[in-house]
Amino acid sequence: RYIGQALEEGTKNSKHPVLIDKYLQGKECEVDAVCDGEEVLIPGVMEHIERAGVHSGDSMAMYPALNLTDDEIRTIVDYATSLGLGLRIRGLMNVQFVILREGGKSKVYVLEVNPRGSRTVPFISKVTSVPLVRIAIKVMLGQSLKQQGYHGGLWKKQKLVAIKAPVFSMSKLVGVDTYLGPEMKSTGEVMGIDHTFPGALVKSLLASGMMLPPEGAILISVADRDKPEALPIIKKLSTLPYEMYATEGTAAMLTGAGIRVNLIPKKLHEGHPNVVDVIQDGTVDAVINTITGGRAPLADGFQIRRAAAEKRTPCFTSLDTARVAVDALVGDSQTYDVSPLNEYLSRRDKDR
């Protein structure tokens, strides 16, 4: 009845249309660009590690986009160029995309366009040597890209890998829930750069305080809908010298999969040690906790996440983040090169 009345009112008055949103659980990526009214320069495409639903400021982003097809990248460049020219932007712009892949086909959606600089401008400028701010200022003062020695389109992909990782101040923000969602909660970011993805990943995790120790213990409490996706991650972690602690539902899943686990009460009144105890006393070195619907389950998870924040224990509320953190421990993933930024850039310039 409510929708019926709204639709009827919408047909009478165009100022009150009915907007229907659909959430697409796809891969998110973004570009920073400079438009001078005639051309759009795109230094590179950044791919998010966390899928859509996590604010771009709270997600890990990598350059170059290692998991996008050539067609997807061409579409992103085409859309960004059309938007910049169509909106008559003079200066910086940021465009965020969601890629939905179904049945062997992919479709690129524009999530949002911001006619301004974004937090990733310093990141993409450093790893591509395209001084976006300087170029944009000159564009706004009337100097075209061509006059500055640049051209429109996608800048040449560099022979390095860089990952931007968020940094949080949750231990200082009392009462703030730490789960990652559409609201931005990070207060800074770091960059890991190397010649390989594993090397750049380890550096970014170390710098952001999210690197797991090579051995230890972990507390796992995941929502029912996330259990099938979480199991392969936990199985990989169980091949390492890790002790598993889990709440009832998650513990049953792990036991059924043949993984040894310690059952820990989730509700604080159900005895000791409970989920907060094992975090506060340092029994566990990390936490994987995904949120469930409903007020009571959300409140229980909040106690876990707040305890981890106050203890400064890595807490993963996105399985995508947990996956790469576990991958960083397996095999020779922790092999990385240590060089100053200018040395990476000089090596790259010689390759060009």
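Residues numbered from 1 in each chain as written. Predicted model: local features only at pLDDT ≥ 70, side-chain atom pairs only at ≥ 80, totals over all residues. Heavy atoms only, no water.

(A) Region of the structure containing the pairing of strand β5 (residues 91-102). Judged by how many residues are buried, β5 sits mostly within the fold: 10 of 12 residues are covered. With nine bridges joining them, strand β1 (residues 27-35) and β5 adopt antiparallel strand pairing. Among the inter-strand pairings, Glu28 is bridged to a residue of β5, identified as Val98. Hairpin geometry of β5 and strand β6 (residues 105-114) is characterised by an intervening segment of two residues between the two adjacent antiparallel strands and by a positive phi of about 60° at Gly103. (Buried < 20%, exposed > 50% of the residue type's maximum accessible area, 1.4 Å probe, protein only. Helix = DSSP H or I, 4+ residues; strand = E, 2+ residues; numbered from the N terminus. Pairing = 2+ DSSP bridges.)

(B) Local environment of the pairing of strand β10 (residues 216-221). Along β10, five of the six residues are buried, which leaves the element largely enclosed by surrounding structure. Two elements, β10 and strand β11 (residues 242-246), share five bridges in a ladder whose sense is parallel. Paired with Ala217 across the two strands is Glu243, which belongs to β11. For the crossover that starts at β10, traverses helix α6 (residues 227-238) and ends in the parallel β11, the hand is right-handed. (Right-handed = clockwise from strand over helix to strand, strands pointing away.)

(C) Here's a closer look at the pattern of salt bridges. Tallying each qualifying case throughout the model produces 12 salt bridges. Here Asp320 makes a salt bridge to Arg323, at a shortest N to O gap of 3.0 Å. Placement of the pair is Asp320 and Arg323 together in helix α10 (residues 319-327), with a separation of three residues, close to one helical turn. Among the residues examined, Arg323 registers a relative accessible area of 28% and is labelled partly exposed. (Salt bridge = Lys/Arg side-chain N within 4 Å of Asp/Glu carboxyl O.)

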